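Understanding the architecture of this molecule
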2 protein chains.
Amino acid sequence: MHLKTTSRSIHWLLVLALFLPALARAAEALPSWNDGPSREAIIDFVEAVSAEGSKDYVAPAQRIAVFDNDGTLWSEQPMYFQVLFAMAEVRRLAAQHPQWKSQQPFKAVLENDQKTLAASGMKGLMQIVTATHTGISTEAFRQNAQRWLASNVHPRTHRPYTEMVFQPMLELLAYLRANGFKTYIVSGGEVAFMRTFAEEVYGIPPEQVIGTTFASRFQDLDGELTIQRLAPLTHNDDGPGKPESIEAYIGRRPILAFGNSDGDLQMLQWTMAGPGRRLAGLVHHTDAGREWAYDRQSGVGRLDKALDEARHKEWVIVDMAKEWNRIYPFDQETHP
Amino acid sequence: MHLKTTSRSIHWLLVLALFLPALARAAEALPSWNDGPSREAIIDFVEAVSAEGSKDYVAPAQRIAVFDNDGTLWSEQPMYFQVLFAMAEVRRLAAQHPQWKSQQPFKAVLENDQKTLAASGMKGLMQIVTATHTGISTEAFRQNAQRWLASNVHPRTHRPYTEMVFQPMLELLAYLRANGFKTYIVSGGEVAFMRTFAEEVYGIPPEQVIGTTFASRFQDLDGELTIQRLAPLTHNDDGPGKPESIEAYIGRRPILAFGNSDGDLQMLQWTMAGPGRRLAGLVHHTDAGREWAYDRQSGVGRLDKALDEARHKEWVIVDMAKEWNRIYPFDQETHP
């Protein structure tokens, strides 16, 4: 009897010992994610594809993970931060462009006329972005972006924009890299803007940042070499543009993709259509208190068809309010 | 006296001990490179930028090395291997394109009429490449390229094209990676073709292969997802196109670049124009016996202005005949 108990205890100790490493790993990983379906699905997936001998094993070279940026890795309200940058640049450069005082959509920016600006739509937006992102060298642009990021804060949180990144997603990026993944940004944002902060903020080097691009031209003025940024848009990295740029830049299909809007749908579909085990995730903005709550009716970050497809196909849908115990690095943990 | 001798011996032993690791490292590295100015310059450079505390130290993330492909990593005679592939594809697909029998430059390919083909110039070449590289899915193209590479041999060596890579350059790539460098191809060749063999042959993954690109379109036919390759050329990765693509894909300036022709000049200039220690190298085809000898008058791989600039600026100029004791992996070492 006594012996039997001991033997049973030893049995359970052995079982415990076998599971402890996995439990410990799981407890360490993703601390800002509450226990729940998303965290569980992510850890299950990562452990399955990285365990040698697992039927789902994927060689490290093939462990490509792609992330949308706006609304997936950092906030995107009240509008894309890059548009706020472009508008600030219009105001900064207004003295050199006196015609902007009477020319839309620049006039609306200078007069802070939100209604006219909104009415100018995507065409107006592109005019503002083009005017502030091109016609200069890559180095001058980099300095402009860094200056703005370093000296401006978000209107609601009064924090630098580079602090308005999602702590749970920073942890996810780090967790994936610790498990041999190569992490990429694939974003509708213009690529050079993101590259000024992605390495420091996300640990993603410039060569792993893919986005919307303008043309460029190498220029040699008596040995003074620059690359000039030109007005023609060469790639719009949104919707179907995302799998296209993934193929063009990476040349192989990711096994994990995360987005938050209909603009990410094709990237998620493309990721999931490959062979073997894969993971697609959507960040669902459900937290009006700590962040913002929006989906189907939203202008910025509209999540409609992708939400339906994610539900239908049982992709990971992250309920920010329920599943994240912390939103920003500067937040206190709220659901310990 | 005896003591003094011993002390001296110890002194020399110490000196030797201090230098041995460097000597040993140098002897191991780059075995197919004869002792000479190129090998010495490369090892000096790599040791200087990778030694922590060195005044020339460069953080690993910044150790970007870029290599042209044709004529730099593998041979390019009697013409670019990719053009040989395109011509073989014209012959393979001729039955589906009866009009080619009477349409130049296709007629010249089918009749093996070298003179007419040469006269069709870059325009004719692009027609052949476009006809065989676009209008199909990325997956179908990959299979076509792999099939050709697996089942054809070079007319002179009767070896598969993927064996006609330069053993000394394979060693250089591996040596750089062992010292924390990230190695890239930046080539005028079309990117998807190179990606079918670069990982296996050079150890360079698809995401580090940059080249000439065609447009593409994500296509969803009732849930059957493909990326279609389209005819418009979106980037010609030659000459000034090389620094442009380096900025677009990598987003930072390399510290080492190797090429072999005038098409590489701007990439070498761009690399050398940054701050800190840098290395630019040219492979000079001087070995008519073991490979080919050509430079200023050559059509393929013309090396004229870049050779002058390399001499003027004292860049590394690799004299293949003198400095490489082996050309291809299948060669015997000739100058041990």
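Before any of the text, the structure's been laid out above.
What comes next concerns the included structure.

Reading the values: rules and limits
Residues numbered from 1 in each chain as written. Chains lettered and ligands numbered in written order. Predicted model: local features only at pLDDT ≥ 70, side-chain atom pairs only at ≥ 80, totals over all residues. Heavy atoms only, no water. Helix = DSSP H or I, 4+ residues; strand = E, 2+ residues; numbered from the N terminus. Buried < 20%, exposed > 50% of the residue type's maximum accessible area, 1.4 Å probe, protein only. Contact = heavy atoms within 4.5 Å. Lys, Arg positive; Asp, Glu negative; His and termini not counted. Charge placed at Lys NZ, Arg CZ, Asp CG, Glu CD. Pairing = 2+ DSSP bridges. Axes fitted to C-alpha atoms, helices over the stretch in contact; angles between N-to-C directions. Phe/Tyr/Trp six-rings, centres within 6.5 Å; stacked < 30°, edge-to-face > 60°. Lys NZ or Arg CZ within 6 Å of the ring centre and 35° of its normal. Least-squares fit on C-alpha atoms with pLDDT ≥ 70 in both. Core = buried A, V, L, I, M, F, W, Y, C linked by side-chain atoms within 4.5 Å. Salt bridge = Lys/Arg side-chain N within 4 Å of Asp/Glu carboxyl O.

1. Notes on the overall build of chain A
Each helix and strand in chain A was counted, giving 14 helices and 7 strands. Structurally, chain A occupies a C-alpha span of about 95 × 45 × 35 Å along its principal axes. By residue count, 53% of the 336 residues in chain A fall in the buried class. A sequence separation of at least 24 residues applies to 64% of the contacts in chain A between residues at least 6 apart. Of note, chain A has its 34 positive side-chain charges centred 2 Å away from the centre of its 40 negative side-chain charges.

2. Regarding the sheet that holds strand 2 (residues 182–190) of chain B
Residues and elements named next belong to chain B. With mixed pairing, 7 strands are arranged side by side in an open sheet as 4-3-2-1-5-6-7. Either end of the sheet is taken by a strand with one partner, and the two such strands are strand 4 (224–235) and strand 7 (316–319). The average angle at which neighbouring strand axes cross in this sheet is 30°, direction not considered. As paired strands, strand 1 (residues 64–67) and strand 5 (residues 256–259) are joined by 3 bridges and run parallel to one another. Counted as the bridge partner of alanine 65 is leucine 256 from strand 5. Lying on the sheet, helix 6 (residues 121–133) is in contact with strand 2, strand 3 (209–221) and strand 4; it crosses strand 3 at an angle near 40°.

3. Brief notes about the packing of aromatic side chains
Evaluated as defined, the whole model comprises 37 aromatic pairs over all chains. Note on phenylalanine 166 of chain A and tyrosine 328 of chain A: the rings are 6.2 Å apart at their centroids and 25° apart in plane angle, and the pair reads as stacked. A residue pair is termed long-range when its members are at least 10 positions apart, and phenylalanine 166 of chain A in the loop between helix 7 (138–151) and helix 8 (167–178) and tyrosine 328 of chain A in the segment after helix 14 (320–323) qualify at 162 residues. When sorted by exposure, phenylalanine 166 of chain A lands in the same class as tyrosine 328 of chain A, which is buried. For the ring pair phenylalanine 193 of chain B and phenylalanine 197 of chain B, a centre distance of 5.9 Å and an interplane angle of 75° mean the geometry is edge-to-face. Neither residue differs from the other here; phenylalanine 193 of chain B and phenylalanine 197 of chain B are each classed as buried. Members of the aromatic cluster, each reached through a chain of ring pairs, are Trp74, Phe81, Phe85, Phe141, Trp148, Tyr161, Phe193, Phe197 and Tyr202 of chain A. For the cation-ring pair, arginine 159 of chain B lies above phenylalanine 330 of chain B, with the distance from its terminal atom to the ring centre recorded as 4.2 Å.

4. A short note on the relation of the copies chain A and chain B
The transform that puts chain A on chain B rotates by 180° and translates by 0.0 Å along the axis, for an RMSD of 0.0 Å. Considering both components of the superposition, the chain copies are consistent with a two-fold axis. Of every C-alpha in chain A, the one belonging to tyrosine 249 of chain A sits nearest the axis of rotation, 3.5 Å from it.

5. Observations concerning the nonpolar core
By size, the foremost hydrophobic cluster in this structure holds 69 residues, and its most contacted members are Phe67, Met169, Leu172, Tyr202 and Phe258 of chain A. The dominant element in this core, judged by the number of residues it contributes, is helix 3 (residues 81–93) of chain A, at 9 residues. In terms of nonpolar packing, the next biggest core, distinct from the first, is built from 56 residues, Ile42, Ile43, Trp74 and Phe193 of chain B among them.

6. Structural notes on the sheet that holds strand 4 (residues 224–235) of chain A
Residue and element names in this part refer to chain A. Pairing within the open sheet is mixed, and its 7 strands lie in the order 4-3-2-1-5-6-7. Each having just a single partner strand, strand 4 and strand 7 (316–319) make up the two edges of the open sheet. Each strand of the sheet is rotated relative to its neighbour by a mean of 30°, with strand direction disregarded. Sheet analysis places strand 6 (residues 279–284) next to strand 7, joined by 4 bridges and oriented parallel. Bridging across to strand 7, valine 283 finds its partner in valine 318. Set on the sheet, helix 12 (residues 265–272) makes contact with strand 1 (64–67), strand 2 (182–190), strand 5 (256–259) and strand 6; between it and strand 5 the angle comes to about 165°.

7. Re unusual backbone geometry
All names here are of chain A. In the segment running from glutamine 77 into proline 78, the intervening peptide bond is cis, with an omega of 5°. Looking at where proline 78 falls in the secondary structure, it is placed in the loop between strand 1 and helix 3. Each neighbour pair has its own omega, and for glutamine 104 with proline 105 the value is 0°, a cis peptide bond. In this structure, proline 105 sits in the loop between helix 3 and helix 4 (106–110). Phi angles above zero are rare outside glycine, and asparagine 112 is one such case at about 55°.

8. Some thoughts on the pattern of salt bridges
What the rule picks out here adds up to 40 salt bridges over all chains. With its nearest N and O atoms 3.2 Å apart, the salt bridge here joins glutamate 207 of chain B to arginine 252 of chain A. Pair noted here: glutamate 207 of chain B is in the loop between helix 10 (198–202) and strand 3 and arginine 252 of chain A is in the loop between helix 11 (241–250) and strand 5, and the two residues belong to different chains. For aspartate 56 of chain B, the salt bridge identified is with arginine 277 of chain B, shortest N-O distance 3.3 Å.

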